[in-house]
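Overview (structure and organization)
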Amino acid sequence: MSESASFVDPVFLTRFGLTRINAIDYFLLSLNPFRTKAKTSNEVLSMQGITIGTLMQWGTGARPGPLSLEQGEEEYRVALSRLTGEQYELLPMSNNIEGMTPQQMAALFTIRHVHRTSHNHTTILGIYYILEGVIYKSPTVRGLMKANITRTLEGLKDACDALSVCARYDPSTGYSWKFDPDDDEDEDIQFYSSLQEKRKRRRRQILDNRRPGERTVEEEEGIRASEAIDRILSRLSKSDVVVKGKAIK
């Protein structure tokens, strides 16, 4: 499932609300696409009547109730540690997250999906967040790096596209750059457009003079790519960046 997907059950939220006491029950709803299809240790405990709520009310043999919320969560984690298999753990509430108010903190729940093989050994399978009743999957490190690299490459491509229309070439002096618009800008744009059109006609003439089968796949692909670049540069030459000298936002 996509990392951008989410799940919410308004019927459950309207009927029971959402607190740390029933956050695990909410996540284990059969309609939740994020939950595993396997039987979890949480469901085994639930069949035995062991939940955070019941532990707060009745306690355990070693710690009779009533218990506080923190003590109930602690006893629930101890009960999970005695079982093996796939489990969902409700992580303790963070004391402070930058940019979040206490009300938002109270509406945030972090659930960790693990596979437990022994009392002290678990393998993390996933991390999920419940924020104001909506369940999200935490992105992976690979997903975060991929998104950051994609945004960086898009920025570099936009910068190169914007700079490409400022390049000027003269056979005697070579390449130069022209960033500031002036009175001769219209002539420069017309010169650039005519130059691109000449290049297109020259390529078409070469193609027309060749018989079918004489062009290689690489040549055809290169010509198509070059024409696509010409179309992009032609559009950029008419953009506000060049025509009106507006800054790139």
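Data block above holds the structure.
The following paragraphs examine the structure supplied in this document.

What counts and what doesn't
- Residues numbered from 1 in each chain as written.
- Predicted model: local features only at pLDDT ≥ 70, side-chain atom pairs only at ≥ 80, totals over all residues.
- Heavy atoms only, no water.
- Pairing = 2+ DSSP bridges.
- Helix = DSSP H or I, 4+ residues; strand = E, 2+ residues; numbered from the N terminus.
- Phe/Tyr/Trp six-rings, centres within 6.5 Å; stacked < 30°, edge-to-face > 60°.
- Buried < 20%, exposed > 50% of the residue type's maximum accessible area, 1.4 Å probe, protein only.
- Contact = heavy atoms within 4.5 Å.
- Core = buried A, V, L, I, M, F, W, Y, C linked by side-chain atoms within 4.5 Å.

As summarised here, the arrangement of the 5 strands in space is β1-β5-β4-β3-β2, forming an open sheet in which the pairing is antiparallel. One side of each edge strand has no neighbouring strand; the edge strands of this open sheet are β1 (6-7) and β2 (85-90). Where strand β3 (residues 108-116) meets strand β4 (residues 122-131), 9 bridges bridge the pair, whose relative direction is antiparallel. Paired with F109 across the bridge in β4 is I130.

This part takes up the packing of aromatic side chains. Applying the stated criterion across every chain yields a total of 5 aromatic pairs. When the ring of F27 is compared with that of Y128, the centres are 5.1 Å apart and the planes differ by 55 degrees; the resulting orientation is tilted. Here F27, found in helix α2 (residues 23-27), pairs with Y128, found in strand β4; they are 101 residues apart in sequence, far enough to count as distant. Comparing F27 with Y128, the two get one shared label, buried. Between F34 and Y128, the aromatic rings sit 5.6 Å apart at their centres with planes inclined by 50 degrees, giving tilted as the arrangement. Pair noted here: F34 is in the loop between α2 and α3 (41-47) and Y128 is in strand β4, with a separation of 94 residues, a long-range link. Judged on exposure class, the residue F34 and its partner Y128 are both buried. Members of the aromatic cluster, connected to one another through ring pairs, are F27, F34, Y88 and Y128.

Another aspect to go through is the environment of V114. The residue V114 is located in strand β3 in this model. Judged by relative accessible area, V114 falls into the buried class, the value being 0%. Not counting the four nearest positions on each side in its chain, V114 is found in contact with G85, E86, Q87, E89, T122, T123, I124 and L125.

Let us look at the nonpolar core. Formed by 23 residues in total, the largest nonpolar core has its most connected members in I24, F27, Y76, L90, I111 and I135. Those elements that place two or more of their residues in this core are α2, α4 (52-58), α5 (69-81), β2, β3 and β4. Among the elements that line this core, the one with the most residues is α2, at 4 residues. With residues near it in sequence (within four places) discarded, I24 still touches N42, Y76, Y88, E89, L90 and I111.

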